[in-house]
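# Architecture and fold: a report
Residue strings, one per chain:
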Amino acid sequence: MSRVAIVTGGTRGIGEAISIMLKEKGYQVAANYGGNDERAQEFSKRTGIPVYKWDVSDYKACEEGVAKVKEDLGPVEILVNNAGITRDGTLHRMDQESWQKVIDTDLGSCFNMCRAVIEDMRAAKFGRVVNIGSINGQAGQYGQVNYAAAKSGIHGFTKAMAQEGAAQGITVNAIAPGYIDTDMVAAVPPQVLEKIVAKIPVGRLGKASEIARGVCFLVADDGGFITGSTLSINGGQHMY
Ligand code: NDP
């Protein structure tokens, strides 16, 4: 029986590419999403991947969502924490709601989802967790104190959980994408985007499939010695 994978935010953008590539590699994929039913249904019809709606910032909803996936497909052995949002604005204009919403959705979700799958991974003595961070969590970004804080938190979360999972066959890694051509980046004003692309040595935005490749590499059965690492996939924009 093939391994069961959950991809949060798995119906659009980077998550969509991850869901599709994991399915192509033979995993049983459950794609979670937050609210866009139309896109989720269209995705499911096109790919044959089942979709599950719940809010990853809600602890109880994650518990229930994971239980439903387990009932339908079996215990979850692979978790890709990909769902994320932005609510940009400079600190002096940012309201508390925009701060909290991004922290809860982008970082709180990692706790909520990992907590919901960890017991089964420990029992199986196997697990693969990939958390999607961001170049802006590594380098910071003007107008994104909330997003940069959440994404940089993901990198600390990853390293701590990796230490806890190591002896149980559970690997935990992060991917820090650079600017990828998705709806999220389409929301960046064109004049700002032009300046960003000018700073990418490869000379273009990344493709969602280029992040999916990284995920497939990290979740493979023979990836047991790769844990606590961050894979930067950013066209050479930020190297450290
Ligand atoms: P998109 O905005 O294109 O897609 C976001 C996905 O997350 C959607 O499927 C959305 O569901 C889901 N989602 C959002 N909020 C929730 C929630 N509360 N509960 C469940 N699902 C939710 O984003 P991208 O594909 O661009 O980004 C994917 C990840 O990669 C994010 O974590 C992002 O921060 C990160 N990233 C993206 C970069 C980029 O350049 N695009 C760069 C660096 C990091 P729905 O369709 O229902 O709205």
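Each value, and the rule that gives it
- Residues numbered from 1 in each chain as written.
- Predicted model: local features only at pLDDT ≥ 70, side-chain atom pairs only at ≥ 80, totals over all residues.
- Heavy atoms only, no water.
- Salt bridge = Lys/Arg side-chain N within 4 Å of Asp/Glu carboxyl O.
- Helix = DSSP H or I, 4+ residues; strand = E, 2+ residues; numbered from the N terminus.
- Buried < 20%, exposed > 50% of the residue type's maximum accessible area, 1.4 Å probe, protein only.
- Expected span 1.5 Å × (residues − 1).
- 1 Å grid on protein atoms, 1.4 Å probe; cavity = no way out; pocket = protein on both sides within 12 Å on 5 of 7 lines; lining within 4 Å.
- Points joined across faces, edges and corners; volume = space filled by probe spheres on them.
- Nonpolar A, V, L, I, M, F, W, Y, C, P; charged D, E, K, R; others polar.
- Core = buried A, V, L, I, M, F, W, Y, C linked by side-chain atoms within 4.5 Å.
- Contact = heavy atoms within 4.5 Å.

In this structure the tally under the stated criterion is 13 salt bridges. Asp183 is paired through a salt bridge with Arg12; the nearest N and O atoms lie 2.7 Å apart. Of the two residues, Asp183 sits in helix α7 (residues 183-186) while Arg12 sits in the loop between β1 (4-7) and α1 (13-24), which places them 171 residues apart along the sequence. We note a salt bridge from Lys53 to Asp37, for which the minimum N-O separation is 3.2 Å. Taken together, the residues Lys53 in strand β3 (residues 51-53) and Asp37 in helix α2 (residues 37-47) connect sequence positions 16 residues apart. Judged by relative accessible area, Asp37 falls into the partly exposed class, the value being 33%. One connected set of salt bridges, linked through shared partners, spans Arg3, Glu77 and Asp221.

Below, the discussion takes up α1. Its 12 residues place the ends of α1 17 Å apart at the C-alpha level, agreeing with the 16 Å of an ideal helix rising 1.5 Å per residue. Ile14, Gly15, Glu16, Ala17, Ile18, Ser19, Met21 and Leu22 are the residues of α1 that are buried. Remark: Gly26 follows α1 within two positions and exhibits a positive phi of approximately 100°.

Here the focus is the layout of surface pockets. Reported here for the second largest pocket is a volume of approximately 210 Å³. Elements with a minimum of two residues in the lining of the second largest pocket: α4 (96-124) and α6 (145-165). Class assignment of the residues belonging to the lining of the second largest pocket gives a composition of seven nonpolar, two polar and three charged.

The biggest cluster of nonpolar side chains holds 29 residues, and the ones touching the most others in it are Ile18, Leu22, Val80, Val130, Ile132, Ile175 and Val215. Elements represented by at least two residues in this core include exactly β1, α1, β2 (28-33), α2, β4 (76-81), β5 (127-132) and α9 (208-219). Ranked by residue count, the leading element in this core is α9, at seven residues. If near-sequence neighbours (up to four positions away) are discounted, Ile18 is found in contact with Val7, Val80, Asn82, Ile132, Ala212 and Val215.

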